[in-house]
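What follows is each chain in one-letter form.
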Amino acid sequence: MHHQQFAFAAVSLRHDLIDALDNVLVPKSAKSSSSRAFERHRKLVSKLDEFAHLHPEMPLYSESLARELGTSVRTLQLAVQAVHGASLHQHLRNKRLWALRAQLAKGMPATSVSSAAFANGFSHMGELSHLYKVTFGESPSETLLRSKST
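All values reported here derive from a predicted model rather than from experimental measurement. (Residues numbered from 1 in each chain as written. Predicted model: local features only at pLDDT ≥ 70, side-chain atom pairs only at ≥ 80, totals over all residues. Heavy atoms only, no water.)

This brings us to the overall build of the chain. Across its full length, the chain holds nine helices and zero strands. In sequence order, the chain lays out its α and β elements as α-α-α-α-α-α-α-α-α. For the chain, the proportion of its 150 residues judged to be buried stands at 29%. (Helix = DSSP H or I, 4+ residues; strand = E, 2+ residues; numbered from the N terminus. Buried < 20%, exposed > 50% of the residue type's maximum accessible area, 1.4 Å probe, protein only.)

Here is the structure:
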């Protein structure tokens, strides 16, 4: 399979997996009590995720994101909370952490922790290292070293 085809299939599969997890993890009461509102929230969060994916290095501030997506900050916050059960900041940070981990796990020869971190919107290495270790149980450099040794 060609690299671009694989990348497209991987993104599609990831979205399908997230949708499936949402279907399992989001309480039925949240979906049934206001299914139209939940569907609007899900679509807004999907647009947010796509924007964040297309701009991984860009600082993502609530006001500018809301303006970019044509909504209010409060609506954006409510949508993320309804769909993912997390704050807007937590959701975006988690998406970037997972993207960073995926990049480090590929272990490309020219990859360094700092270059991958900056490419995924992280600028404070100490804070990132702590957050990464708390989230994944290892440092970013351990993930990178393991990927290069396999």
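Sizing a probe to match a water molecule and rolling it over the atoms shows the empty space that remains. Volume-wise, the second largest pocket comes out at about 540 Å³. Every residue lining the second largest pocket is counted, 21 residues in all, and those nearest its centre are Leu 60, His 89, Arg 96, Gly 121 and Phe 122. Those elements that place two or more of their residues in the lining of the second largest pocket are helix H4 (62-69), helix H6 (88-106) and helix H8 (125-136). Tallying contributions element by element places H6 first for the lining of the second largest pocket, with five residues. A breakdown of the residues in the lining of the second largest pocket according to their chemical character gives eleven nonpolar, six polar and four charged. (1 Å grid on protein atoms, 1.4 Å probe; cavity = no way out; pocket = protein on both sides within 12 Å on 5 of 7 lines; lining within 4 Å. Points joined across faces, edges and corners; volume = space filled by probe spheres on them. Nonpolar A, V, L, I, M, F, W, Y, C, P; charged D, E, K, R; others polar.)

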